[in-house]
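Each chain, letter by letter, is given below.
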Amino acid sequence: MLAAKHANPRLVVVASASSSSGRLHVRDLATTPGDFAPAATGAQRHHSTLAGPTTARESSRRREEGDKERKVVQGAVGAPTASPWLCNSPQMTRTVQKSLWAAASQWDAVLRPGKVRNAPDDSSQPTYGLLGKDLAMFSEAGFDMDKIHLKRNAPVAQLYEDAIKYEGAVIAASGALINFSGKKTGRSPKDKRIVYEETSKDDWGAINIQMDEHTFEINRERAIDYLNTRDNVYVFDGFAGWDPKYRIKVRVIASRAYHALFMHNMLIRPTAKELEEFGTPDFTIYNAGQFPANRFTAGMTSQTSVEVNFKRREMVILGTEYAGEMKKGIFSVMHYLQPVKFGNLSLHSSANQGPDGDVSLFFGLSGTGKTTLSADPRRALIGDDEHVWSDNGVFNIEGGCYAKCVGLDAEKEPAIFNAIRFGSILENVTYDYATREPNYEDTGITENTRCAYPIEYIDNAKIPCMANEQPKNVIYLTCDAFGVLPPVSLLDSNQAQYWFLSGYTSKTPGTEDGIAEPTPTFSTCFGAPFIILHPSRYASMLAKKMEAAGTRCWLINTGWVGGAFGTGKRCPLKYTRAIVDAVHSGELNNADFKETPVFGLKVPTKIEGIPDDVLNPEAAWSDKKAYQQTLEKLAGMFNKAFERYSTECSPEVVAAGPKI
Ligand SMILES: Nc1ncnc2c1ncn2[C@@H]1O[C@H](COP(=O)(O)OP(=O)(O)O)[C@@H](O)[C@H]1O
Ligand SMILES: C=C(OP(=O)(O)O)C(=O)O
Ligand SMILES: [Ca+2]
Ligand SMILES: [Mn+2]
């Protein structure tokens, strides 16, 4: 299928139509752990061959060695009791902790060179050694500790080595790891479910797709059974949330080194001491994405299932290897936990801070520009995607960024371009076979090509990623594929609530399964797939916080100008940046505004560096009649989408919608 796209014979063809068959999963399971070729795509198989397969004999020798060593510590560990949410300050009893420590030191004792495969090179890094005190938790969860080889918080280089050896990854010229997610290259929102159970059902937002507890158990068992067939199982322990008061401990258990490295980049990396004291995680992800869900299990509608269980504090992934499911899964957890347990507001936004301390939030659904616009040389980056607004200010949930790579250009987006180096993961990006230069123009695998890098790879990142400031500006990013919304307008408080609840944008191709061209959508709170509670709970918290802090609210259209998708063009990035600069410099505070018809948006009449016909969409369209019709069509869509909120909002908020 893709071969035709690659006229240049030096380019590796990294996907083929046949690579998406479910057959590969079967093969994966049927192969013994010793001689498995875990690649899930044709591309990965191809690369594995290049890298040289691991021989069955070698693997089984290593496995036997591993078995002997593990047996030394088996049984030495007392089972820790399950902790409630937030066991930051370890809640294990002293006795349990003591026996865990004893086990840990026994484990350390067997960590002799040559005995343990892939022992970490850096001895200051407590990695597998610490598994001793966690072994009981794994056995209890159903892991076959006599068989699998757990690698916890393995060094980045080792995850590279494993991904190259077993998954067909390659190293890009810049040192980044190029990897492939197989059939699924974007999120699968239709296959994402939340378990309906008594601990969280009172906060149920009616927007979630339900799953029952029993089905969760079945899928969880399936995931663990699959992981038990693997030679290597990767564990990453880290934190979500930079504010120590509100952070949670997250454990990721995955069959692919690339998934462990992804979460190493995306979670907050623990110090050696924090890792040593990690204890029982608050939330665990079982990522068996290489193995499909059983379509005959009740409620399954495909081979993909992504499911969150608040009672068990667990997430299970089957049938998708798109790494973004994990980070967005943790985000869903925070969208429940932060408001319900702490009274904080979770935000699908990026955040940055100016030299004078002013904080800006950029809300937006995928592809609207959160990551791109928050990476601003004049401002410190707090984070690119997931934040929490607490009474103290704003903190990032994540320890890294996940940037889109399509069309990435060193000149236009230098901060992101330069972050793609050793340790970063390029996902589904093709490359030149000889030079190993990524080809960011190639959308042959997907338009949703990505790079995940630790946030400190952005030069002006603010670490720790938090600000003790209430946001001064909130910017709603919308990517209007109809091309009728102005590139910038100022919203009053009612409009701010209306537009937040509406969450209008166009889905960009690739980020979600099945989206091939910009598709208008109303994704409430600018993130319907991630919210858990009723949308109006987030909306009213936001309104209160903005009012208390005197925050200004801007609507920025990063989508089409001069016509709809197909006729017009995407607003040039340099103009959007100039608009954002004008918000931050205060230029817009003194601007004159003119109200638009239908939507009643206040648009500045002049901005330094922006052509007047770009500021005014009507002027940018050559066909005025088509403009008016499109504007009214969009207004009609807004009115229809807002019907569901009309009874929950004040009449003023309802009246802030378009008038046709
Ligand atoms: N005017 C614009 N503003 C923001 N992004 C733009 C603009 N024009 C094109 N783009 C591109 O759109 C994409 C925005 O994606 P990204 O910043 O990753 O969004 P998000 O983080 O919200 O998912 C990037 O590939 C960026 O280069
Ligand atoms: C990872 C994602 O985030 P975003 O596109 O908002 O950066 C996603 O939506 O899959
Ligand atoms: Ca996002
Ligand atoms: Mn992003």
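Residues numbered from 1 in each chain as written. Chains lettered and ligands numbered in written order. Predicted model: local features only at pLDDT ≥ 70, side-chain atom pairs only at ≥ 80, totals over all residues. Heavy atoms only, no water.

## Some remarks on the sheet that holds strand 6 (residues 232-240)
Condition: Strand pairing is defined by DSSP finding a minimum of two bridges between the two strands. Under the scheme used here, helices are H or I runs from DSSP no shorter than 4 residues and strands are E runs no shorter than 2 residues, and both carry numbers assigned from the N terminus. When checking whether two residues touch, look at their non-hydrogen atoms; a contact exists if any pair is within 4.5 Å. Axis definition: a line fit to C-alpha positions, over the contact stretch in the case of helices; interaxial angles, taken between N-to-C directions, run 0 to 180 degrees.
A sheet is described by the order of its strands in space; here eight strands give the open sequence 1-6-7-8-10-9-4-5, paired in mixed fashion. The sheet is open, and its two edges are formed by strand 1 (149-152) and strand 5 (210-211), each paired on a single side. Here strand 7 (residues 248-254) pairs with strand 8 (residues 283-288) via five bridges, running parallel. By the bridge assignment for strand 8, Arg251 is matched with Thr284. Against the sheet, helix 7 (residues 213-228) engages strand 4 (192-195), strand 5, strand 6, strand 7, strand 8, strand 9 (305-309) and strand 10 (314-318), with an angle of about 65° to strand 10. Across the sheet, helix 8 (residues 257-266) touches strand 6, strand 7 and strand 8, and the angle it forms with strand 6 is around 10°.

## Focus on the site of ligand 1
The test is simple: One heavy atom suffices: a residue is near a molecule or strand as soon as one of its heavy atoms comes within 4 Å of it. Each polar contact in these results corresponds to two N or O atoms within 3.5 Å; when the atoms are within protein, one needs to be able to donate a hydrogen and the other to accept it, and residues that are neighboring in sequence are counted only if both atoms are side-chain atoms. Under the convention used here, a 1.4 Å probe and the Shrake-Rupley method define accessible areas, while residue burial counts only the protein chains that appear. For this classification, the nonpolar set comprises Ala, Val, Leu, Ile, Met, Phe, Trp, Tyr, Cys and Pro, the charged set comprises Asp, Glu, Lys and Arg, and every other residue, Gly included, is treated as polar.
Around ligand 1, a shell composed of 17 residues is seen, among which Gly367, Lys370, Thr371, Thr372 and Thr576 lie nearest. A distance of 2.7 Å separates an oxygen atom of ligand 1 from a polar atom in the backbone of Gly367. Lys370 is positioned with one of its side-chain polar atoms (N or O) 2.7 Å from an oxygen atom of ligand 1. In isolation ligand 1 offers 570 Å² of accessible surface; the protein chains occlude 90% of this area. When contributions to the shell around ligand 1 are tallied by element, the ones reaching two or more residues are helix 11 (370-374) and helix 15 (573-585). Sort the elements by how many residues they give to the shell around ligand 1 and helix 11 lands first, with three residues. Taken together, the residues of the shell around ligand 1 break down into five nonpolar, eight polar and four charged.

## Some details on the packing of helix 6 (residues 156-167) against helix 8
Relative orientation and spacing of two packed helices are given, respectively, by the angle between their axes and the distance between those axes. Note the following rule: Each angle receives one of four descriptions, namely roughly parallel if under 35 degrees, roughly antiparallel if over 145, roughly perpendicular if within 65 to 115, and oblique otherwise. For any pair of crossing helices, the crossing counts as left-handed if the nearer helix is rotated counterclockwise from the farther one by less than a right angle, and right-handed if it is rotated clockwise.
Interhelical geometry of helix 6 versus helix 8 gives an angle of 150° and a closest axis separation of 8 Å. It follows from the interaxial angle that helix 6 and helix 8 lie roughly antiparallel. Seen along the crossing, helix 6 lies across helix 8 with a hand that is left-handed. Note on element contacts: helix 8 touches helix 6 through Ala257, Tyr258, Ala260, Leu261 and His264, opposite Val156, Leu159, Tyr160, Asp162, Ala163 and Glu167. Residues of the contact of helix 6 with helix 8, tallied by class, amount to eight nonpolar, one polar and two charged.

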